[in-house]
Amino acid sequence: MTVEKVLEFIDVVIVYDNFPAVAGATFSVNAGEIVLLQGANGAGKTTLLRACAGLLPIARGSANVLGCDLRLDRLAVRSRVGLLGHANGLFQDLTVLENMLFWSRLVGANRNDVDQAMDAMGLSGRLSQTQVAKLSAGQRRRCALASLIVRRAQLWLLDEPHAGLDAQGRDELDKTLRAARDAGATVIFASHEIERASALATRSLIVTSGTVKQA
Ligand code: ATP
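Residues numbered from 1 in each chain as written. Predicted model: local features only at pLDDT ≥ 70, side-chain atom pairs only at ≥ 80, totals over all residues. Heavy atoms only, no water.

> Looking at this model, I keep getting lost on the environment of Val132. Mind explaining?
Position of Val132 among the secondary structure elements: in the loop between α4 (111-120) and α5 (137-151). Val132 gets classed as buried once you look at its relative accessible area, which sits at 0%. Taking the C-alpha atoms as reference, Val132 lies 12 Å from Ser147; in sequence the two are 15 residues apart. Setting aside residues up to four positions removed in sequence, Val132 forms contacts with Leu90, Phe91, Gln92, Leu94, Thr95, Val96, Asn99, Arg140 and Cys143. (Helix = DSSP H or I, 4+ residues; strand = E, 2+ residues; numbered from the N terminus. Buried < 20%, exposed > 50% of the residue type's maximum accessible area, 1.4 Å probe, protein only. Contact = heavy atoms within 4.5 Å.)

Shown next as structure tokens:
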């Protein structure tokens, strides 16, 4: 059986204002993996995740995500990955349901998919009609995760996804990520909650000063 490579970075350098936040990163990820990025504050995890989503220019090296060469075309990959960063990417003036419907229309998901995603993240009923601006921080995080579920991305990129969630929300998130993987998705996530994250991950990578090595 051939293993499908979802991502391959070779000697990748990413520079912010002359500072190499990623300084020669080489790693690859296969389809169906749940990969944990571990590392100290400022090590380069967020930068790597944003680069995988096609949001940052690659200064050197080769970077391929879902068959797209990020040096040639970063736009092509954006619609195929789901990125949950520190900002949650929600429309503050819209309700939870309206945000979900926006994403569902973009990706051709139906109302049933929307209801299931809201249900999985505990956002049914009153909360579905609540403006995002009026949600608590954890509820906003749940809404961002629900919109990611609806997108059914091939590659999920999550920056500290458990942050701000209560115990039940964390369990629901883990269940959601395992289900996404079972449905054929690949997950890369950064976390400082090593115990929980290690139990979820199928493999860990250590990020140190912009380089990546196996745990
Ligand atoms: P944390 O665990 O604190 O979230 P991280 O591993 O995600 O850290 P990054 O956010 O990727 O780290 O930052 C890597 C380095 O790049 C840091 O030294 C940071 O100061 C720098 N950096 C990040 N974003 C920018 C930016 N927009 N402009 C300039 N430097 C940046």
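> Can you walk me through the pattern of salt bridges in this structure?
Working definition: two side chains of opposite charge can pair if their charged atoms are close together. Following the criterion strictly, the structure yields ten salt bridges and no others. A salt bridge links Arg111 to Asp115, with the shortest nitrogen-to-oxygen separation between them at 3.1 Å. In this pair, Arg111 and Asp115 both sit in helix α4, four residues apart, roughly one turn of the helix. The salt bridge partner of Arg170 is Glu193, with a shortest N-O separation of 2.4 Å. Of the two residues, Arg170 is situated in helix α6 (residues 167-182) and Glu193 in the loop between β8 (186-190) and α7 (194-200); the sequence distance between them amounts to 23 residues. A single network of salt bridges, built from pairs that share partners, joins Arg142, Asp166 and Glu172. (Salt bridge = Lys/Arg side-chain N within 4 Å of Asp/Glu carboxyl O.)

> Would you take a moment to explain α5 for this structure?
Every α-helix winds through 3.6 residues per turn, so residues three or four apart in the chain are directed the same way. Here α5 spans 22 Å end to end across 15 residues, near enough to the 21 Å set by a 1.5 Å rise per residue. Among the 15 residues that make up α5, twelve are buried, leaving the element largely enclosed by the rest of the structure. Those residues of α5 lying buried are Gly138, Arg140, Arg141, Arg142, Cys143, Ala144, Leu145, Ala146, Ser147, Leu148, Val150 and Arg151. Looking at the buried residues of α5, the elements they touch are α2 (75-78), β6 (81-84), α3 (96-107), α4, β7 (155-159) and α6. Downstream of α5 by a residue or two, Arg152 has a phi angle that is positive, lying close to 45 degrees. (Expected span 1.5 Å × (residues − 1).)

> What am I meant to see in the layout of surface pockets here?
In this approach a probe as big as a water molecule rolls over the atoms, and the regions it shows empty are the leftover space. Estimates place the volume of the largest pocket at around 470 Å³. Taken together, 18 residues form the lining of the largest pocket, with Ile149, Arg152, Thr176, Ala179 and Ala180 sitting closest to its centre. Residue assignment for the lining of the largest pocket shows that the elements contributing at least two residues are α4, α5 and α6. A total of five residues in the lining of the largest pocket trace back to one element, the largest contributor, which is α6. Of the residues contributing to the lining of the largest pocket, the split by class is ten nonpolar, four polar and four charged. (1 Å grid on protein atoms, 1.4 Å probe; cavity = no way out; pocket = protein on both sides within 12 Å on 5 of 7 lines; lining within 4 Å. Points joined across faces, edges and corners; volume = space filled by probe spheres on them. Nonpolar A, V, L, I, M, F, W, Y, C, P; charged D, E, K, R; others polar.)

> What should I look at first to understand unusual backbone geometry in this one?
Note: most peptide bonds trans; most residues except glycine with negative phi. Residue Asp11 is not a glycine yet carries a positive backbone phi of 50 degrees. Classification of Asp11 by relative accessible area gives partly exposed; the value is 35%. Unusually for a residue other than glycine, Arg152 sits at a positive phi of about 45 degrees. Locating Arg152 in the fold gives a position in the loop between α5 and β7.

> I keep staring at the packing of aromatic side chains and nothing clicks. Help me out?
Within a pair of aromatic rings, the relevant descriptors are the distance that separates the centres and the angle that separates the planes. On inspection of all chains with the given rule, the structure shows three aromatic pairs. Considering the side-chain rings of Phe9 and Phe27, the 5.3 Å spacing of their centres and the 55 degrees angle between planes classify their relative orientation as tilted. Pair noted here: Phe9 is in strand β1 (residues 5-16) and Phe27 is in strand β2 (residues 19-30), with a separation of 18 residues, a long-range link. Each of the two residues, Phe9 as well as Phe27, counts as buried. Ring geometry for Phe91 versus Phe102: centroids 4.9 Å apart, planes at 80 degrees, classification edge-to-face. You can see Phe91 sitting in the loop between β6 and α3 and its partner Phe102 sitting in helix α3, a full eleven residues away along the chain. Connected via pairs of aromatic rings, a cluster forms that spans Phe91, Phe102 and Trp103. (Phe/Tyr/Trp six-rings, centres within 6.5 Å; stacked < 30°, edge-to-face > 60°.)

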